[in-house]
Structures are given as C-alpha cells and as structure tokens.
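# Chains, contacts and geometry: an overview
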Amino acid sequence: MAKFSLFRLGRFIRSIFVPTAAIIGFSCLLTYIFVLYQPTPGPGSVQHIGWQSWDIIQENTGHVSTFDTPADTIPDGVEWWNVSTGSDGIDTASLPLDVWDPLMQHDTGLSEIHITECVIDPWFVPSIASDLCYPSSTKEDDALKGKWVRVDRNLKEQTGIKSLNVYYRRTRRHDIPLVTELKVLPEKETPSPFSNAWHRVAHTVNPGGEKRYLWYKTDKTWRQMTDAERHNDVVTEIDVLFGSDDPWYGFEKVDRATFDGDGRQEPVWLTYRKGIKPPPRTPPLHFSRDGRFKIMQVADLHYSVSVGSCRDTDINPCTASDNLTSTLLGHMLDAEKPDLVVFTGDQLNGQGTSWDSKSVLAKFAKAATQRGIPWAAVFGNHDDEDGASREAQIKYMQGLPYSLVEHGPNDIHGVGNYVLKVKSADPSMTHLLTLYFLDSGAYYTGVFDWFGFFHPTEYDYLRQDQIDWFLQESASIDAIERPFTPDGAKDIGDIWERQAVDQVLPGSRRLAKPNALMFFHIPLAESYSAADIDAKTGRRLDVGISDLEEPGAAKRQAGFFHKGLLQALESDHLAGGRAPEVKVVANGHCHLTENCKRVKGVWLCFGGGGSYSGYGKIGFDRRFRIYDISDYGETIRTYKRTEYDEIVDDMVLAGHGAPSPYEGTV
C-alpha cells in the first residue's frame, strides 16, 4: 500500500510539473519584460537625458524670466519694461535630435516619416517600445537620416489598446532632402502637381473610417535651399490634435483630417510646425503711468476635447459651447481691456471629456493670447481628472503665448504655487502689488468602484506646507513708502523712529508691504462664515449672490485663513495696526456663487460661472469678475460684467471709499 501511494504521489507530481513549470517560466518572462528589462544606455543616451532635464529648454518657449535690468541702463525715452533682457535666444544646436517634444524650438528638418501600428501602446511599456514598435533601421540610415523618433500621440487614442503612431527622422546633415510639405489623401488620390519628390507612407494614417495615407515631400537639401526656404518651408515638428479646434501655437493642420469623427469619436488631425515659432513673451507686469492695473478673473471654463455641450442656458439654439464661451470671453476682454487675465481653475472639464489635455489647453486661453494679454492660471479639481498630470499641464501652459504660469516649489503640496509682482511704471520699478497663486488641490479622499473608477468624497484643501510657503514669501517682501509717489524715491530709513501710533491716519504716509490679492480654486470654510459688520451702516459686508447652491469648501482645513492670511500683515510695526497684507482672496469652483464677503478684514470673493460649458442656472447670467486697482495699488475696486454687458455690484474693497478697517479680534 505504501509503494502504491508513493507511486501515485510520483505520478501526481509528474503530471503537474509541466503546467507548473510553464506558469513559473511565463511569470519570469513577464517580470523580465516589464520590470527587469532596462536597455543599457550608451554615452549618447546619458547626454540626451541631461538635455531633456534642462527645464529651461521648455520654459524659455513661453515663460517669462525675472526682469532685473538696472534702471540706470535704460535709454532715455524708453519704457523699462520694453528693454530686452538678452535671454530670448534659443540654442538650437543643443537640442537633442532623437527626443520628441513639440515645445522645443528645433530648426532642424525631418528627412523621413513612417507610421506603425503596434499591438500595445508604447506609452504603457516604453522600455520595450523600441524593440516591438519602432520602424526597422540600419546604422547607416541612422547616421545619414537620423534615428527614428516617435510622436508620442496615439492616433487610435479613442478606439482601443492598439497604437497608431507617427515616426520621423531628424538630421542636421546638409546633403539629405528635407520634408517641406505634408498631405493626407484617400487611398486612390495622389498629390497635385505630382513629382518624384512625393513619398507615400506605407501604412494608413486613419485610425478609423475611410482609408487615408500620409504623403510627404522632400525635394531639396538644406544646402540647396535659400535662407527664406530654410526658415519658412522646412517642417521641423509633427504633432496630433484631437477635436475640431485650433492647433497648438505655431502649428498648422494638415489640409485633411486623418479621421473626420463620427459623432461618438472626435476628429483626429496631424499638425506640423515650419521653422522656429517661439511663443511671444509678455513684458513684466506694471502699472500704468497714472497708477492703474486691471485684472479679469475667468472662473470654471470646463472646456473639452470636443467643441463642448451647452448647459443651463436659455440661449437657443446653443451649440459648440466652448467656442461660444471663447467668443463671449473675447467680447469681455475687448470691453474691459485688462492688464492681466487670471484663470482660477477648472479650465478643463475632466469627467471623461478632456482626455487629451494638450488639445484642450491649446484653446482655453486663446481669447487672451490672440489679444496679447498676459495671463496666469491655477488648477481646479477637474483639471487633471483625466488626461495629463498637473506637472505636464504646467509645462504646456508655459509654452503658450503671454503665459506667466510658474511651476512653483517641488517640496510643497500642489503644482503652481507662485508669486507675481506688479511694479511701478516709473524708472524706480517699485513693487506695488503682489499676486499670490496657490493650488488648492482636487480631492482629498474617494472610493473606487468595482470597475476601477474613482468617485471622490471630499475636496482637497490648502495644506500646512502651503501655509508655511506663503508666510515665507510674504516675509521676503520689502516694505515701501505708501502711498507711492512716482519718481519720489528718497531715503526714508528713519521713518520708523518718526512714526508714532497716533500718527497713522488714513492717507498718511507709512512703511508697509504692498497690497496683495490671492487666487486659488476651492474656497476656504471662512467664505461661508459670518461677514464683518460695516461700522458706518451697521450692515454685514456681504455683497452678491450666495444662496443658489450648497457650500463648496473642503470639509478638512489646515487653518490657512487664521494661520496664514491673518498672520501675514502689511506692517510689523505697532503703528500699522493689524491690517492683513492680502486684501482679497479670489476663488472659483462654485458657478452660482459670486458674492464678496469681508471676514476679519479679508475679502473672500467668488468669480461666478462664465462658461456655457459649465453648470449654471436658467436666469443666472454668465459673468466675469473684474479687479480694478488704482492709486498705485492703494485702492482695490471690484465688479462683475455679465454676458449682457451689465455691470453688477460695483464696490470698493480697499483704499479710498472702502468700508472702515476691521477692528475686532482675529
């Protein structure tokens, strides 16, 4: 019986050996492919990693560097903000040839284009993409025409797990014909007029629908071109646009879409750039000669990859809500002519409709960029619900014209915590107004359903490290003599000794930090607290609509209002009282809330919904909040302009004509 049992045991072990070995072997193979397999980089790859890590390559394309031109170097009759800093040049020779980044301003042309379809999107497994998905090549072709570069934009993004990617070669050689034209044509059509310089890519370019092919023309080498042709005709970059809106700045659409869309899926376009087209940079922010500076707040655009769907409006018919909102925003900008536009979050709709962030970011600030107006932005809770991360979106926004967006410190919560300073127009370039921008996050907690979808349960909030950062930034700001007088700089070092408590009267001169405004998306809990009472009228200082929706503040708070805003004073001197440095906090998030309420001396204001693509209410007009700062930063006035050009709730928050200062306890 024992022999029989051992025999049966041996037979059992033998029967499971083969499947067990197969499972273990397959597991080891997967572990090697997805975890252990890392191609050994050569010296060139290491150097390219170094190039790619230079953030300045991308940031120079749209981000404004600190202006530090000394006043005594400015020629007579020239405004100081129009003086070049000498940092606008782009060292194109240092840009890597085998890295796709549409923000890089290459002047190097493309020599060959290919399209491959891959079973797995290389985005998911980049470590093996070069082995499985890249077009074949030889060392000779790599040396002559350049290495294959993948355009990291899947043409089949909407259709499944397969990928359809464009690849190209880029070369600095002067004896290789370069691409000068691109066309997308149906299967049986050819470019007209046709010549041997036209090449058809073997694989179709359409992700669905009618078969279409990409044609490209290479008829001249760099050596054979004139200077004008080198600057204007050479294709230097290729990208992909989803939807029917305008492409990224500096890019053009190929004359026909690769896919026209079918109602369920958006159109897909190839786009290209010719030559170098760096986005225009904005001069440093400054007051006008008569001491004015105007800000327009744009809250909650909720744009999508599509042209958008109208929500809660009596406009009939209402189609293409994103475009309709951009037209309205353009009208508001023409009417108000602001010096700065601030987008206070939820530029992207999220919720499954802004899955390609870059295509949406290409259009959200278009009304401002087309008019040459500087703009800044903070994130809302919807901006990175789907699509690119906040880090990626910041880089994209910095690559747009007239952008003042900054990434901010890496060691605090959120992305996009930064400070902008508005200076005087006179040669003293005195800092007269501070603008704080913070990332209030998205969601603090949530649950995943059985299908893996995240359902948020609590909004995020400003964290302790953001409080510490704000207090540190506030402490670094120097006091100025207020009210400011242009060209009146003088030694006032002994002003503290001459200034007594009973000498500080409204309108008197004093040393204090400039007034400040702060912008972030999700409101603080104090936005729903009891308002201060006006000592003159006995009424609460709460103006505007605030009862059409539930409170939108986060349930958790780190104490930003009390530990941050109320601790950052405009003056540390006893004679200065306890006036807060930040006079106004501007929020978005709540589309049907647009009131301004003063709490313990700080005005907490909502922008109100201005977009037809975001939720609203029939009878509640879309609107935009204006901050009109005058008297060289001393007076802050606000009002709202509705879609019907009605001015609503015009009031002074600080300065001449404002309610009496808060005198209670903090």
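Residues numbered from 1 in each chain as written. Predicted model: local features only at pLDDT ≥ 70, side-chain atom pairs only at ≥ 80, totals over all residues. Heavy atoms only, no water.

## Focus: the overall build of the protein chain
The number of helices and strands found in the protein chain is 13 helices and 26 strands. With 666 residues in all, the protein chain has 53% of them scored as buried. Looking at the protein chain alone, contacts between residues at least 24 apart form 72% of all its contacts between residues at least 6 apart. On the protein chain, roughly 30600 Å² of surface is accessible, and the fraction owed to carbon and sulfur atoms is 54%. (Helix = DSSP H or I, 4+ residues; strand = E, 2+ residues; numbered from the N terminus. Buried < 20%, exposed > 50% of the residue type's maximum accessible area, 1.4 Å probe, protein only. Contact = heavy atoms within 4.5 Å. Areas by Shrake-Rupley, 256 points an atom, 1.4 Å probe, with all protein chains shown as cover.)

## A closer look at the pattern of salt bridges
Overall, the coordinates contain 43 salt bridges when judged by the stated rule. We note a salt bridge from E481 to R509, for which the minimum N-O separation is 2.8 Å. With a gap of 28 residues between them, E481 in strand β17 (residues 480–482) and R509 in the loop between α12 (495–498) and β18 (510–512) connect regions that are remote in the sequence. Taking relative accessible area as the criterion, E481 reaches 14% and is therefore assigned buried. (Salt bridge = Lys/Arg side-chain N within 4 Å of Asp/Glu carboxyl O.)

## Some remarks on the packing of helix α8 (residues 357–364) against helix α10 (residues 390–398)
Look at α8 against α10: their axes get within 10 Å of each other, and the N-to-C directions meet at 40°. In the crossing of α8 with α10, the sense of the turn from one axis to the other is right-handed. For the pair α8 and α10, the contacting residues are S357, K358, L361 and F364 in the first and Q393, Y396 and M397 in the second. Residue composition of the contact of α8 with α10, grouped by class: four nonpolar, two polar and one charged. (Axes fitted to C-alpha atoms, helices over the stretch in contact; angles between N-to-C directions. Left-handed = near helix turned anticlockwise from the far one by under 90°. Nonpolar A, V, L, I, M, F, W, Y, C, P; charged D, E, K, R; others polar.)

## Section: the sheet that holds strand β7 (residues 235–242)
Reading across from one edge, β7-β9-β8 is the order of the three strands in this open sheet, with antiparallel pairing throughout. Of all strands in the sheet, those with a lone pairing partner are β7 and β8 (252–253), marking the two edges. (Pairing = 2+ DSSP bridges.)

## Looking at the state of the cysteines
Inspection of the entire model under this criterion finds three disulfides. Here C310 connects covalently by a disulfide to C318, the sulfurs 1.8 Å from one another. The chirality of the disulfide connecting C310 with C318 is left-handed, given an S-S dihedral of about -75°. By relative accessible area, C310 is classed as partly exposed at 24%. (Disulfide = S-S within 2.5 Å.)

## Here's the deal with the nonpolar core
Residues I113, I295, F343, F364, W375, L435 and Y627 are the most contacted members of the largest nonpolar core, which totals 96 residues. With 26 residues, the next largest nonpolar core counts I412, W469, A558 and A568 among its residues. (Core = buried A, V, L, I, M, F, W, Y, C linked by side-chain atoms within 4.5 Å.)

## Focus on a nonpolar patch on the surface
Taken together, F26, L29 and L30 make up a surface patch of nonpolar side chains, about 270 Å² in accessible area. By secondary structure assignment, the location of L30 is in helix α1 (residues 2–36). Here L30 falls in the partly exposed class, since its relative accessible area comes to 34%. (Patch = residues over 30% accessible without salt bridge, like charges linked within 9 Å, V, L, I, M, F, W, Y side chains within 5 Å.)

## Comments concerning the sheet that holds strand β19 (residues 515–519)
Strands sit in the order β13-β14-β19-β21-β23-β22-β20 across an open sheet of seven strands; the sheet is mixed. Of all the strands in the sheet, the pair left with one neighbour each is β13 (418–423) and β20 (542–543). Across four bridges, strand β22 (residues 596–599) lies against strand β23 (residues 602–606) in antiparallel orientation. Each residue of the ladder has a partner; that of V599, found in β23, is V602.

## Re the packing of aromatic side chains
Where two aromatic rings form a pair, the distance of their centres and the angle of their planes describe that pair. Scanning the model with the defined rule gives 18 aromatic pairs in all. Judged by centre distance (5.4 Å) and plane angle (15°), the ring pair of F437 and F519 falls under stacked. Of this pair, F437 sits in strand β14 (residues 431–437) while F519 sits in strand β19, placing them 82 residues apart in sequence. Under the relative-accessibility criterion, F519 is labelled buried at 0%. Relative to Y461, the ring of Y444 has its centre 5.6 Å away and its plane inclined at 55°; by these criteria the two rings are tilted. With Y444 in strand β15 (residues 443–448) and Y461 in the loop between β16 (454–459) and α11 (464–475), this pair connects stretches of sequence that are 17 residues apart. (Phe/Tyr/Trp six-rings, centres within 6.5 Å; stacked < 30°, edge-to-face > 60°.)

## Comments concerning unusual backbone geometry
Omega for the bond connecting S192 with P193 falls within 30 degrees of zero, at -5°, which places this linkage in the cis form. Residue P317 is bonded to the preceding N316 through a cis peptide linkage, with omega at 0°. By the element assignment, P317 lies in the loop between β10 (293–298) and α7 (321–336). One non-glycine residue, H302, adopts positive backbone phi at about 60°. Within the element layout of this structure, H302 appears in the loop between β10 and α7. Of the residues examined, H302 reaches a relative accessible area of 5% and is grouped as buried. A positive phi angle, near 80°, is found at H589, a position not held by glycine.

## Here we look at the side chain of R212
Structurally, R212 is set in strand β6 (residues 212–221). For R212, the side chain forms a polar contact with the main-chain oxygen of A257, separated by 2.6 Å. (Polar contact = N/O pair within 3.5 Å; in protein donor to acceptor, adjacent residues only side chain to side chain.)

## Here's the deal with the pairing of strand β11 (residues 340–344)
Of all five residues in β11, five are buried; the element is thus mostly enclosed. Taking every second residue as pointing to the same face, both faces of β11 are buried, with L340, V342 and T344 on one and V341 and F343 on the other. Where β10 and β11 come together, four bridges link them in parallel fashion. When the bridges of β11 are listed, I295 appears paired with L340. Taken together, β10, α7 and β11 constitute a β-α-β crossover, and its handedness is right-handed. Taken together, the four bridges between β11 and strand β12 (residues 375–378) define a ladder with parallel strand orientation. Looking at the pairing, F343 lines up with A377 of β12. (Right-handed = clockwise from strand over helix to strand, strands pointing away.)

## Concerning the environment of K640
Residue position: K640 is located in strand β25 (residues 635–642). Classification of K640 by relative accessible area gives buried; the value is 0%. The spatial distance from the C-alpha of K640 to the C-alpha of R625 is 4.4 Å, given a sequence separation of 15 residues. Excluding anything up to four places from it in sequence, K640 contacts G544, E594, R623, F624, R625, E646, I647, V648 and D649. Side chain to side chain, K640 and D649 meet in a polar contact 2.6 Å long.

## What to know about the confidence of the model for the protein chain
When pLDDT is averaged along the protein chain, the result is 87; 84% of the residues meet or exceed 70. pLDDT under 50 marks residues 40–67. Its contacts with residues more than four places away, or in other chains, come to 45 contacts. Counting contacts from residues 488–506, a segment whose pLDDT is below 50, to residues more than four positions away or on other chains yields 19 contacts. (pLDDT = per-residue confidence, 0-100.)

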